[in-house]
Number of protein chains: 2
Amino acid sequence: MKRKITLKQIARELDVSVSTVSKALKDSDEISDDTKQKIQAFAKLYNYKPNNIALSLKNRKTKTIGVIIPEIVHYFFSKVIQGIENIALKHGYNVIIGVSNESFDNEVINIETLANGSIDGFILSLSKETLQKQDYHHLNETISQGMPVVLFDRVIDAIVCDKVIIDDINGAKEAIELLISKGCKRIAIITTEDYISVGRLRLEGYLRALNENEIESNDDLILKVDDRYESEDRLDLLDTAIERLLVNNPGIDGVLAVNELYAVSAMRVARKLGCKIPDEIQVIGFTNGVLSRHATPGLTTVAQNAQKIGEKAADLLIKRLETEQEEESYETSVIDTRLVIRESTK
Amino acid sequence: MKRKITLKQIARELDVSVSTVSKALKDSDEISDDTKQKIQAFAKLYNYKPNNIALSLKNRKTKTIGVIIPEIVHYFFSKVIQGIENIALKHGYNVIIGVSNESFDNEVINIETLANGSIDGFILSLSKETLQKQDYHHLNETISQGMPVVLFDRVIDAIVCDKVIIDDINGAKEAIELLISKGCKRIAIITTEDYISVGRLRLEGYLRALNENEIESNDDLILKVDDRYESEDRLDLLDTAIERLLVNNPGIDGVLAVNELYAVSAMRVARKLGCKIPDEIQVIGFTNGVLSRHATPGLTTVAQNAQKIGEKAADLLIKRLETEQEEESYETSVIDTRLVIRESTK
DNA sequence: ATTGATAACGCAAACGTTTTCGTGTTGAAA
DNA sequence: TTTCAACACGAAAACGTTTGCGTTATCAAT
């Protein structure tokens, strides 16, 4: 086993100084051609590569981006990571992933362990628990220590930094408008509790669309799902809640769900209740993921361009990292949504 | 903005030496109680945290695990990462992710940039292109440099290291046995090309099960899907291939697919051809992911315990990292599969 | 008064780089 | 022969830690 070789070892072996080796490998013209060739050949032979850690310490930058997401087994988030990876790789950055599992404590721990020199900046989406507690001191502290942060998807005004979001209001509004144009009169929405911004905003879009089309909104048609129903072993509770919605409110002919899971669950429940999709009920979801694509019938969805979100977030972060000046003007980038029509709408 | 504080700054501020600060913060009894309290209080006030990079350089270990996967937007791989993250966090390790996108070159680049001191060890699954080229020099080199490596899922004998796999042969065999016990007489398999080990092994299990049950195998019933059909915009080609399989071989009453995508595609095509599932054709897939759970009908699958694979891989790696001695005996851990019965089988 | 122990701290090296600033050697010009 | 560039290289500091060892000062014991 031949361990990695260092400048010092090369220097000793070739009987020159460490600085000579360093310069020779950088092709400095301080060093004679003879010596350079000798050193370069030797380095190549032993496959010398500079030690990243030493470089990081010296340069005070790690060329590494920290990404903290609530959940990794999730089409949207993994697609965002893919976007981040793309851009990062292109600029010579590595990506280190932390998963908060929707827990505030995990988020804090992840941030704290990464913020001590391991990374140059953060890209993150807040955990549900953090949103609920409305405690952002950990983020504001790392930001005030000069660590650049880019927030995406689940963002919050109280944190001042670059942000990447989608136009949730408009995405939902367009979806509802599609349903209306397809003849829906009684449209329900399956959303999250209000503290999750995307749920709140999509509900807002739903209400606006109804309002603009002079359809009276009805609280009975608004189902705010308890988070806890989202875990894999609580699907029955989600189904029950949806079933209650459909049974208690006969005549529902359109459903907007704020994520894939809610949407396919709605379709499953509707089918169970004997409703034809899209003939009797039309369904639209959010996130054009694998579920939407392979559901039966195929699910019409509001595509979020998750990959683009990741790319934009990485762009913003890297731009801030590479331009030293501390611009105190932060950018919020809005990524457009796109309706993908499939068979769950007419 | 208050930047992170260092030992040196504390030392200067309190008019002591750096080493005194360091020792005081470690509660060394070389330092008087007075000084310790003063220093500790000051450090706490300024929220001192040791710089990870400096520690890494000094200790020659980074407490970071490098994970390289072929694809991140993928239930199986993201679930494996979740398992790795769990264990890593528990042992104070960070996880840095590289995505090869099934490309040999990307795999090499990822490994090389991470191997230069950024990480203590690798966990990885080989890219398809690497498997095809059968070129493993990059891995064998990093291993020979003393970098611990754990391979999972797509493993290869030519690389000598710890490995974590599932019992593909047996998993497939049990699936086929289930189909046979449910009355299937003419069972097809939708698998990958042979160079992908999991496809090859599952085919092997299929053949063994047929053999043991004295059913003659038939090459016409073995569909080896071209990789390129797997991308999101090539789904029609996959469907066409499956359709050809079903149309050219009437009487197929059972299908084993080596992944979720192939399985739901098979169901979609079968339904399109007017076949009832599971009455006329029963289908079993691999990977108990979100597709299997939410397909209609629910897909019976061979669950791979992806999270357990990740946990085991992380365990193996960390064990090797923490026990310094260079044991030259490598372990191959086999994670058991589990049949999850749903409505796509009788 | 001398010795020796002990307490409390600082020095310096080490991890692997890069880079600034010498320094010694050569050769040519004066 | 002296002087001065130019050339080729080395020493050392710096990044932020940790740690073995050396160095004081104090005080008790002889």
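Residue positions are given per chain, counting from 1 as you read along its sequence in written order. Here every chain gets a letter starting at A, and every ligand a number starting at 1, in the order they are written. In keeping with the predicted nature of the model, local features appear solely for residues at pLDDT of at least 70, side-chain atom pairs appear and are counted solely at 80 or more, and the whole-chain, interface and lining totals rest on all residues. Water and hydrogen atoms play no part in the side-chain values, which are based on all heavy atoms of the structure.

> Quick question: what am I supposed to make of the interface of chain A and chain B here?
Where the parts come together, the accessible area they lose is often given as the size of the interface. Here, residues are in contact when the closest pair of their heavy atoms is within 4.5 Å. Counting residues at the interface gives 57 residues for chain A and 57 residues for chain B. Accessible area, probed at 1.4 Å, shrinks when two parts are joined; the buried area is that loss added up over both. With both chains or domains summed, chain A and chain B bury close to 5,000 Å², and 54% of this area falls on carbon and sulfur atoms. The rule for a salt bridge is simple: a side-chain nitrogen of Lys or Arg has to be within 4 Å of a carboxyl oxygen of Asp or Glu. Counting the contacts that link chain A with chain B gives zero salt bridges. Going through the elements one at a time, helix H4 (52-59), helix H5 (75-90), strand S2 (94-99), helix H6 (104-115), helix H8 (137-144), helix H12 (260-272) and helix H13 (290-294) of chain A are the ones with two or more residues in the side of chain A that touches chain B. Per the convention used, a helix needs a DSSP run of H or I reaching at least four residues, while a strand needs a run of E reaching at least two, with both numbered from the N terminus. In terms of residues, the side of chain A that touches chain B owes the most to one element, H5(A), which gives eight residues. For this classification, the nonpolar set comprises Ala, Val, Leu, Ile, Met, Phe, Trp, Tyr, Cys and Pro, the charged set comprises Asp, Glu, Lys and Arg, and every other residue, Gly included, is treated as polar. Grouping the amino acids of the side of chain A that touches chain B by side-chain chemistry returns 21 nonpolar, 22 polar and 14 charged.

> What should I look at first to understand the protein's contact with DNA strand D in this one?
Inspection of the region around DNA strand D gives 28 residues, with A:Thr20, A:Lys23, A:Glu30, A:Thr35 and B:Lys8 positioned closest. Residue proximity to a molecule or strand is established when one non-hydrogen atom of the residue lies within 4 Å of it. Close to the protein, within 4 Å, the atoms of DNA strand D belong to sugar or phosphate groups at a rate of 59%. B:Lys8 places a polar side-chain atom, nitrogen or oxygen, 2.7 Å from a phosphate oxygen of DNA strand D. Those elements that provide at least two residues to the surface near DNA strand D are helix H2 (18-25) and H4 of chain A together with helix H1 (7-14), helix H2 (18-25) and helix H4 (52-59) of chain B. A class-by-class count of the residues in the surface near DNA strand D yields nine nonpolar, nine polar and 10 charged. Identification of polar contacts relies on pairs of N or O atoms within 3.5 Å, with a donor-acceptor requirement for protein atoms, meaning one able to donate a hydrogen and the other able to accept it, and with residues adjacent in sequence counted only if both atoms are side-chain atoms.

> So what exactly am I meant to see when it comes to the relation of the copies chain A and chain B here?
Superposition of the two copies of the chain requires a rotation about an axis together with a shift along that axis. Only residues with pLDDT of at least 70 in both copies count here: their C-alpha atoms drive the least-squares fit that superposes the copies. For the match of chain A to chain B, the screw axis carries a shift of 0.0 Å, the RMSD comes to 0.1 Å, and the turn is 180°. These values place the two chain copies in the arrangement generated by a two-fold rotation axis. Using C-alpha coordinates, one finds that chain A approaches the rotation axis most closely at A:Ile96, a distance of 2.0 Å. Same-surface contact between copies: 100% of interface residues of chain A are shared with the interface of chain B.

> Got a minute to help me understand the domain arrangement of chain A in this structure?
Assigned domains of chain A: these are domain 1 (7-50), domain 2 (62-165 + 307-335) and domain 3 (168-304). An automatic or database domain assignment supplies the residue ranges for each domain. One C-alpha centre belongs to domain 1 of chain A, the other to domain 3 of chain A, and the line joining them spans 65 Å.

> Whenever I open this one, empty space enclosed by the protein confuses me. Can you help?
In this approach, a probe sized like a water molecule rolls over the atoms, and the result shows the empty space that is left. Within this scheme a cavity is a closed region of a 1 Å grid, computed over the protein atoms alone, that accommodates a 1.4 Å probe without allowing it to escape, whereas a pocket is open but has protein on both sides within 12 Å along at least five of seven lines; lining residues each have an atom within 4 Å of a point. Grid points are joined across faces, edges and corners, and a volume is the space filled by probe spheres set on the points. Under the definition given, this model contains four cavities of 30 Å³ or more. Counted as a void, the largest cavity has a volume near 110 Å³. Around the largest cavity sit A:Glu112, A:Ala115, A:Asn116, A:His138, A:Glu141, A:Thr142, A:Gln145, B:Lys4, B:Asn47 and B:Lys49, which together line it. Every element with two or more residues in the lining of the largest cavity is listed here: H6 and H8 of chain A. It is H8(A) that contributes the most residues to the lining of the largest cavity, three residues altogether.

> What am I meant to see in the pattern of salt bridges here?
When the charged atoms of two side chains with opposite charge come close together, those side chains can pair. What the rule picks out here adds up to 32 salt bridges over all chains. One salt bridge in this structure joins A:Asp33 and A:Lys36, with 3.9 Å as the shortest N-O distance. Placement of the pair is A:Asp33 and A:Lys36 together in helix H3 (residues 33-45), with a separation of three residues, close to one helical turn. On the accessibility criterion, A:Asp33 (54% relative accessible area) is exposed. We note a salt bridge from B:Lys63 to B:Glu322, for which the minimum N-O separation is 3.9 Å. Three labels apply to residues, based on accessible area from a 1.4 Å probe with only protein chains included: buried if under 20% of the type maximum, exposed if over 50%, partly exposed otherwise in between.

> I tried to follow the layout of surface pockets on my own but got confused; where do I start?
Of the voids in this model, the second largest pocket is the one considered here, and its volume is about 1,700 Å³. Lining the second largest pocket are 49 residues, and of these A:Arg3, A:Lys4, A:Asn51, B:Arg60 and B:Gly117 lie nearest its centre. For the lining of the second largest pocket, the secondary structure elements donating two or more residues are helix H1 (7-14), H2 and H4 of chain A together with H4, helix H8 (137-144) and helix H14 (306-322) of chain B. The element contributing the most residues to the lining of the second largest pocket is H4(A), with four residues.

> What exactly am I supposed to notice about the protein's contact with DNA strand C here?
Close contacts around DNA strand C come from 28 residues, with B:Ser19, B:Thr20, B:Lys23, B:Glu30 and B:Thr35 the closest. When atoms of DNA strand C within 4 Å of the protein are split into backbone and base, the sugar-phosphate part holds 60%. A distance of 3.0 Å separates a phosphate oxygen of DNA strand C from a polar atom in the side chain of A:Lys26. One of the backbone nitrogen or oxygen atoms of A:Asn51 is found 3.3 Å away from a phosphate oxygen of DNA strand C. When contributions to the surface near DNA strand C are tallied by element, the ones reaching two or more residues are H1, H2 and H4 of chain A together with H2 and H4 of chain B. In terms of residue class, the surface near DNA strand C is built from nine nonpolar, nine polar and 10 charged.

> Before we go on, may I ask you to explain the sheet that holds strand S5 (residues 162-166) of chain B in this structure?
Working definition: the strands of a sheet are paired by backbone hydrogen bonds and lie parallel or antiparallel to each other. Only when DSSP finds a minimum of two bridges between them are two strands counted as paired. Taken in spatial order, the 12 strands line up as S11(A)-S5(A)-S4(A)-S3(A)-S1(A)-S2(A)-S2(B)-S1(B)-S3(B)-S4(B)-S5(B)-S11(B) in an open sheet, and their pairing is mixed. Single-partner strands in this sheet number two, and they are strand S11 (332-335) of chain A together with strand S11 (332-335) of chain B. Ignoring which end each strand starts from, the neighbouring axes of this sheet average 20° apart. Here four bridges tie strand S5 (residues 162-166) of chain A to S11(A), and the two strands are oriented parallel to one another. Counterpart to A:Lys163 in the pairing with S11(A) is A:Thr332. Angular values range over 0 to 180 degrees, each being the angle between N-to-C directions of two axes fitted as lines to C-alpha atoms, with helices fitted over their stretch in contact. On top of the sheet, helix H14 (residues 306-322) of chain A reaches strand S1 (64-69), strand S3 (121-124), strand S4 (149-152), S5 and S11 of chain A; it is set at about 170° to S5(A), its chief contact.

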